[in-house]
Amino acid sequence: MARFVLVHGAFSGAWVWERVADELRSAGHTVEAFDLPGSGDDQTPPEGVTLDAYANRICDALAESDEPAILVGHSMGGVAITQAAGRSPKRISLLVYVAAFMPQHGQSLLDLTHTPEGQDDQVQANLVVEGDPPMATLPVAAARDVLYASCTDEQAAWAGARMRPQAVAPFATPVLIDDARSYALPRAYVICNQDRAIPPALQRRMISETPCAEVIELDTDHSAWLSATDEVVTALGRLAEVPAVSNVD
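Structure report, in brief. (Residues numbered from 1 in each chain as written. Predicted model: local features only at pLDDT ≥ 70, side-chain atom pairs only at ≥ 80, totals over all residues. Heavy atoms only, no water.)

1. Notes on the sheet that holds strand β2 (residues 30-33)
Strand pairing in a sheet relies on backbone hydrogen bonds. The paired strands run either parallel or antiparallel.
Here's step 1: Strands sit in the order β2-β1-β3-β4-β8-β9 across an open sheet of six strands; the sheet is parallel. Because the sheet does not close on itself, it has two edges, and the strands there are β2 and β9 (214-218). Taking the axes of each pair of neighbouring strands and ignoring which way they run, one obtains an average angle of 20° across the sheet.
Here's step 2: Bridge analysis of strand β1 (residues 3-7) against β2 gives four bridges, and the strand direction is parallel. Bridging from a neighbouring strand, Phe4 pairs with Val31 of β2.
Here's step 3: In the packing of helix α2 (residues 51-62) onto the sheet, contacts are made with β1, β2, β3 (69-75) and β4 (92-100), and the angle to β1 comes to roughly 165°. (Pairing = 2+ DSSP bridges. Helix = DSSP H or I, 4+ residues; strand = E, 2+ residues; numbered from the N terminus. Axes fitted to C-alpha atoms, helices over the stretch in contact; angles between N-to-C directions. Contact = heavy atoms within 4.5 Å.)

What follows is the structure in structure tokens.
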């Protein structure tokens, strides 16, 4: 059995992983999910919502156990887990990106959306950005089409009601990998072939630039944790069998 640490994406919180976490625990795994700063029920003010704060929160969670974790990121959570992996490589056995941004050193989320393969990103196309520091919202009507297209109306309404504004700063901040040992960590990717938030072409580009030990494809939307819960649980269970590397000292 494995230890999973699950990291959510933008506009959301730990709640996105509730169903996945329940099924993984029923299978005997240990699962931790939490709100990133400024997300879910966390009350960090907008000026405190940074990529650095995200990485610190993840590293704190990893440090709660001596057992190395399978660190899973969804969407923007992929940027956060990449930054955290650069700081705590010894506490991670595998990085898993579920329809997630997988940046290289020096890349930001926005850098990836500005690539040719990222031009069809419908999240960026529908964002409303206001305030100082800037906060982004995704209108519920747009979210239904962009994030929850494969979900039932009931599922989409449940998730849409829980969405929160998202600080823009983590989108624009480049990942800086502080520990070269993180490059030795195995990675896996779950592609969502109907994704309108991170186009499948961009997902494949990132995989080509950062090779993964395993790639699994699901025929669903960006929010696979909701639209294809059982398939995500099956994929994570399979990935728990990916051998850990032995050269991370």
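2. A closer look at helix α7 (residues 153-160)
Note that an α-helix has 3.6 residues per turn; residues three or four places apart therefore point the same way.
Here's step 1: By the burial criterion, the buried members of α7 are Gln155, Ala156, Trp158, Ala159 and Gly160.
Here's step 2: Packed against the buried residues of α7 are α1 (18-26), α6 (140-146) and α10 (224-227). (Buried < 20%, exposed > 50% of the residue type's maximum accessible area, 1.4 Å probe, protein only.)

3. A few points about unusual backbone geometry
As a rule of thumb, non-glycine residues mostly have phi less than zero, and peptide bonds are mostly trans rather than cis.
Here's step 1: Residue Pro133 is reached from Asp132 by a cis peptide bond, and omega for that bond is 0°.
Here's step 2: Along the chain, Pro133 turns up in the loop between β5 (128-130) and β6 (135-137).
Here's step 3: Positive phi, close to 55°, is recorded for Ser75, a residue that is not glycine.
Here's step 4: Residue classification places Ser75 among the buried residues on the basis of a relative accessible area of 11%.
Here's step 5: Phi angles above zero are rare outside glycine, and Ala99 is one such case at about 45°.
Here's step 6: In this structure, Ala99 sits in strand β4.
Here's step 7: For Ala99, a relative accessible area of 0% puts it in the buried group.

4. Quick look at the packing of α1 against helix α11 (residues 229-239)
Here's step 1: α11 packs onto α1 with a crossing angle of 50° between their chain directions and a minimal axis gap of 9 Å. Relative to α11, the element α1 lies oblique. Where α1 crosses over α11, the two elements pack in a sense that is right-handed. Here Arg19, Val20, Glu23 and Leu24 of α1 lie close against α11, whose contacting residues are Thr229, Asp230, Val232, Val233 and Leu236. (Parallel < 35°, antiparallel > 145°, perpendicular 65-115°, else oblique. Left-handed = near helix turned anticlockwise from the far one by under 90°.)

5. Details of empty space enclosed by the protein
Empty space among the atoms becomes apparent when a probe as large as a water molecule is rolled across them.
Here's step 1: Inspection of every chain in the model, using the stated rule, returns two cavities of 30 Å³ or more.
Here's step 2: One number sums up the size of the largest cavity: a volume of about 230 Å³.
Here's step 3: Lining the largest cavity are 23 residues, with Ala10, Phe11, Ser75, Leu147 and His222 positioned closest to its centre.
Here's step 4: Elements supplying a minimum of two residues to the lining of the largest cavity: β3 and α5 (122-126).
Here's step 5: The class makeup of the residues in the lining of the largest cavity is 15 nonpolar, seven polar and one charged.
Here's step 6: Pro37, Gly38, Ser39, Val49, Tyr54, Met135, Pro165, Gln166 and Ala167 together form the lining of the second largest cavity.
Here's step 7: Tallied by class, the residues present in the lining of the second largest cavity amount to six nonpolar, three polar and no charged. (1 Å grid on protein atoms, 1.4 Å probe; cavity = no way out; pocket = protein on both sides within 12 Å on 5 of 7 lines; lining within 4 Å. Points joined across faces, edges and corners; volume = space filled by probe spheres on them. Nonpolar A, V, L, I, M, F, W, Y, C, P; charged D, E, K, R; others polar.)

6. Examining the packing of aromatic side chains
Here's step 1: Counting across every chain of the model gives four aromatic pairs.
Here's step 2: When the ring of Trp15 is compared with that of Trp158, the centres are 5.5 Å apart and the planes differ by 85°; the resulting orientation is edge-to-face. Within this pair, whereas Trp15 is found in the loop between β1 and α1, its partner Trp158 is found in helix α7, the two being separated by 143 residues in sequence. A single burial state applies to Trp15 and to Trp158, both of which are buried.
Here's step 3: Ring geometry for Trp15 against Trp225: centres 5.8 Å apart, planes inclined by 85°, an arrangement best described as edge-to-face. Residue Trp15 is found in the loop between β1 and α1, and its partner Trp225 is found in helix α10; the two are separated by 210 residues along the sequence. The exposure classification of Trp15 matches that of Trp225, with both residues buried. (Phe/Tyr/Trp six-rings, centres within 6.5 Å; stacked < 30°, edge-to-face > 60°.)

7. So, the environment of Arg87
Here's step 1: Take Arg87: it is sitting in the loop between α3 (77-85) and β4.
Here's step 2: For the pair Arg87 and Asp179, spaced 92 residues apart in sequence, the C-alpha separation works out to 6.0 Å.
Here's step 3: Setting aside chain neighbours within four positions, we find Arg87 in contact with Asp52, Ala55, Asn56, Cys59 and Asp178.
Here's step 4: Among the polar contacts made by the side chain of Arg87, one reaches the side chain of Asn56 at a distance of 2.9 Å. (Polar contact = N/O pair within 3.5 Å; in protein donor to acceptor, adjacent residues only side chain to side chain.)

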